[in-house]
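Listed below are the residues making up each chain.
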Amino acid sequence: MIHGDNPFSPEGDDRLRRFRGRLVSPVTIITSGDGQTQTGLTVSSLFAIDGAPPLLYAAVGPNSDLFDVVQETGRFVVHICRDGHEGLAEVFAGLRPSPGGMFASAEWEPSEWGPTLSAMPDRALCSLQTIEETGWSGILIGAIDETSHADLVEPLAHFRGSYRKLAR
């Protein structure tokens, strides 16, 4: 589904949306499923907590395909977008069309946790611990089973309705 509005737009009467638009957010793509059920979603509301096990919390829409597929499979992959992944982030956010489906826009490989996007080597492989519905969101809480990292590069950030580079 292609949406006509930017879900992080700082414009309008929605005070929470305007407040959130002023927070610098990471841009990630979360994927899950296999075969006919694979899906993904661009997510910026997430954080990781160290512990035994380390946990990842991600806020997703409870009506999204991702929410349903993660419930079914019990696993998901969190990919950290880099500078240059803006177009792919928009595809997975439903803001840009992708003939053939969202995965037709990227090289990917299957894994036990869901599709892994080849161009995004910085990722966490997570096993679902629980899902909590709060407000208008579903909070996926996953144990971080594995992580992978590449050479340090600029992560993609979102601020005031657009993508930004981090200044050093």
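These figures come from a predicted structure and were not determined experimentally. (Residues numbered from 1 in each chain as written. Predicted model: local features only at pLDDT ≥ 70, side-chain atom pairs only at ≥ 80, totals over all residues. Heavy atoms only, no water.)

It is worth spelling out the overall build of the protein at this point. What the protein contains, in helices and strands, is 3 helices and 12 strands. In terms of overall size, the protein behaves like a compact globule, its C-alpha atoms giving a radius of gyration of 15 Å where 168 residues would be expected to give roughly 15 Å. Summarising its shape, the C-alpha atoms of the protein cover approximately 40 × 35 × 35 Å along the three principal directions. Counting over 168 residues, the protein shows a buried share of 39%. Taking the contacts inside the protein whose residues are at least 6 apart along the sequence as the reference set, 62% of them involve residues at least 24 apart. Accessible surface for the protein amounts to roughly 9,500 Å². Of this, 51% is attributable to carbon and sulfur atoms. In the protein, the 13 positive side-chain charges and the 22 negative ones have mean positions that sit 12 Å from each other. (Helix = DSSP H or I, 4+ residues; strand = E, 2+ residues; numbered from the N terminus. Rg over C-alpha atoms; globule rule 2.2 N^0.38 Å. Buried < 20%, exposed > 50% of the residue type's maximum accessible area, 1.4 Å probe, protein only. Contact = heavy atoms within 4.5 Å. Areas by Shrake-Rupley, 256 points an atom, 1.4 Å probe, with all protein chains shown as cover. Lys, Arg positive; Asp, Glu negative; His and termini not counted. Charge placed at Lys NZ, Arg CZ, Asp CG, Glu CD.)

In this fold, Val91 is placed in helix H3 (residues 86-93). Judged by its relative accessible area of 8%, Val91 falls in the buried class. In this structure the C-alpha to C-alpha distance between Val91 and Gly135, which are 44 residues apart in sequence, comes to 26 Å.

Right, let's get into the environment of Gly94. Inspection of the secondary structure puts Gly94 in the loop between H3 and strand E7 (108-109). Take Gly94: its relative accessible area is 10%, and that puts it in the buried class. In this structure, the C-alpha to C-alpha distance between Gly94 and Gly40, residues 54 residues apart in sequence, is 10.0 Å.

As a further point, take the sheet that holds strand E12 (residues 162-164). Strand pairing in a sheet takes place through backbone hydrogen bonds and is either antiparallel or parallel in direction. Spatial ordering of the open sheet is given by E1-E11-E12, a layout of 3 strands whose pairing is antiparallel. Edge positions in the open sheet fall to strand E1 (25-26) and E12, since each of these has one partner strand only. (Pairing = 2+ DSSP bridges.)

Evaluation of the coordinates by the stated rule reveals 3 aromatic pairs. Among the aromatic residues, ring-to-ring pairing joins Phe92, Phe103 and Trp108 into one connected group. (Phe/Tyr/Trp six-rings, centres within 6.5 Å; stacked < 30°, edge-to-face > 60°.)

Our focus in this paragraph is the sheet that holds strand E4 (residues 46-49). Taken in spatial order, the 7 strands make up an open sheet running E3-E2-E6-E9-E10-E5-E4, and their pairing is antiparallel. If you trace the sheet from one side to the other, it starts and ends with strand E3 (39-43) and E4, each paired once. Direction aside, neighbouring strands of the sheet carry axes that sit 30 degrees apart on average. In this structure, strand E9 (residues 123-134) lies alongside strand E10 (residues 137-148), joined through 11 bridges in antiparallel fashion. Among the inter-strand pairings, Thr130 is bridged to a residue of E10, identified as Ile141. (Axes fitted to C-alpha atoms, helices over the stretch in contact; angles between N-to-C directions.)

Moving on to the side chain of Arg123. Relative to the helices and strands, Arg123 resides in strand E9. In this structure, Arg123 is buried with no salt-bridge partner, the nearest side chain bearing the opposite charge being Glu109 at 6.9 Å. Engagement of the side chain of Arg123 in a polar contact is seen with the backbone oxygen of Met120, the distance being 3.0 Å. (Salt bridge = Lys/Arg side-chain N within 4 Å of Asp/Glu carboxyl O. Polar contact = N/O pair within 3.5 Å; in protein donor to acceptor, adjacent residues only side chain to side chain.)

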